[in-house]
Amino acid sequence: ENRPIPEPGPNEVLLRMHSVGICGSDVHYWEHGRIGDFVVKAPMVLGHEASGTVVKVGAGVTHLQPGDRVAIEPGVPRETDEYCKVGRYNLSPSIFFCATPPDDGNLCRFYKHSASFCYKLPDNVTFEEGALIEPLSVGIHACRRAGVTLGSKVFVSGSGPIGLVNVLVAKMMGAAVVVVTDLSASRLQKAKEVGADNIIQVKKETPQEVASKVKSLLGCMPDITVECTGVEACVQAGIYATRSGGTLVLVGLGPDMMTVPIVNAAVREVDIRGIFRYCNTWPMAIALLASKRVNVKPLVTHRFPLEKALEAFETTKRGEGIKVMLKCDPNDQNP
């Protein structure tokens, strides 16, 4: 639908949107109208993996000017609460977040956003790479929470976009070996392409069998497991697979209640950690992309103009490819 072009406030910028990636959560809201406690009660604009060009700046904005290409961090704290003070602003209960009800996202031609959460892109970083900083940030935050470091042996469960960014980041942070599991052979091939050392196609194995396959491929149990599916059996496999004293990070979101071998984890001192989005990741991600230390370009498999958004969502829903990009600027459909 047509909406008026917004007017930026004193600390905001108006952006001409360029590239917006479709996330599983966008599709979930579109299909089901809710994720957990977040319920869509009124029409909502989707999209939160995004980049664009500044066209207008508010009176108080000094670090950006019209013409600047920027990547957008979608989560903006509304107040400086205790979480912001300790640098964990992603946990602020009143945070604004693109395309999480009731906040509108940025899958549109023009969009206004807090200027301090728009990060200037270097000339050698494309708009699409800028949009991919959002999923890449999930990998950075998860691997930080997991404590990935030089020589870590890492098991990544799930080879969708979030599994793949965790492979990229774990290797970047010094992981010696990364093994990835998935049901899909084509997704596992993509995992190999972005740096996975070993892949396991899961068919009918029990969680214990998956864990022992991981162990035999690595030659030992992994120090760290990053669970990116949210599937109960995969969380179970994650607990069984992780070595005693190791860490399991839950990234994928499944049902509220699950049956998992928690006592197995407890008696072996396996730390189970959650993550909620990310914080303080955009500057690091931009540095990695500008230095060409990380290559996210293979993640984009489909591109559609904004007018074909429905087709793009159908493509994502069918699980085709990896990352579907929508191009919002009719005069510039380049990556």
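Anything mentioned here points back to the structure above.
Residues numbered from 1 in each chain as written. Predicted model: local features only at pLDDT ≥ 70, side-chain atom pairs only at ≥ 80, totals over all residues. Heavy atoms only, no water.

K.L.:
Account for the overall build of the protein, with residues named and values stated.
P.N.:
Regarding its fold elements, the protein presents 10 helices and 17 strands. The C-alpha radius of gyration of the protein comes to 20 Å, within 12% of the 20 Å expected for a compact globule of 335 residues. Counting only C-alpha atoms and orienting by the principal axes, one finds that the protein spans roughly 60 × 40 × 40 Å. When each of the 335 residues of the protein is scored for burial, the buried share is 53%. For the protein, contacts bridging at least 24 residues in sequence account for 68% of all contacts bridging at least 6. Carbon and sulfur atoms provide 54% of the accessible area of the protein, an area that totals close to 15100 Å². Here the protein carries 36 positive and 35 negative side-chain charges, and the mean point of each set is 4 Å from the other. (Helix = DSSP H or I, 4+ residues; strand = E, 2+ residues; numbered from the N terminus. Rg over C-alpha atoms; globule rule 2.2 N^0.38 Å. Buried < 20%, exposed > 50% of the residue type's maximum accessible area, 1.4 Å probe, protein only. Contact = heavy atoms within 4.5 Å. Areas by Shrake-Rupley, 256 points an atom, 1.4 Å probe, with all protein chains shown as cover. Lys, Arg positive; Asp, Glu negative; His and termini not counted. Charge placed at Lys NZ, Arg CZ, Asp CG, Glu CD.)

K.L.:
Can you explain the sheet that holds strand β15 (residues 271-274)? Please cite residues and give values.
P.N.:
Read across the open sheet, the 6 strands follow the order β12-β11-β10-β13-β14-β15; overall the sheet is parallel. For this open sheet the edge positions go to β12 (198-201) and β15, each flanked by a neighbour on one side alone. Averaged over all pairs of adjacent strands, the angle between strand axes in this sheet comes to 15°, irrespective of strand direction. Alignment of strand β11 (residues 177-182) against β12, held across 4 bridges, turns out to be parallel. Bridging across to β12, V180 finds its partner in I199. Of the strands in this sheet, β11 and β12 are in contact with helix α5 (residues 185-193), which crosses β12 at around 175°. Along the sheet, helix α7 (residues 232-241) contacts β10 (153-157), β13 (224-227), β14 (247-250) and β15; its crossing angle with β14, the most-contacted strand, is approximately 165°. (Pairing = 2+ DSSP bridges. Axes fitted to C-alpha atoms, helices over the stretch in contact; angles between N-to-C directions.)

K.L.:
Now, about the side chain of S159: what can you tell me, with residues and values included?
P.N.:
One can find S159 in the loop between β10 and α4 (161-172). With sequence-adjacent residues up to four places away left out, S159 is seen in contact with L164, V180, T181, D182, R187, L188, A191 and I322.

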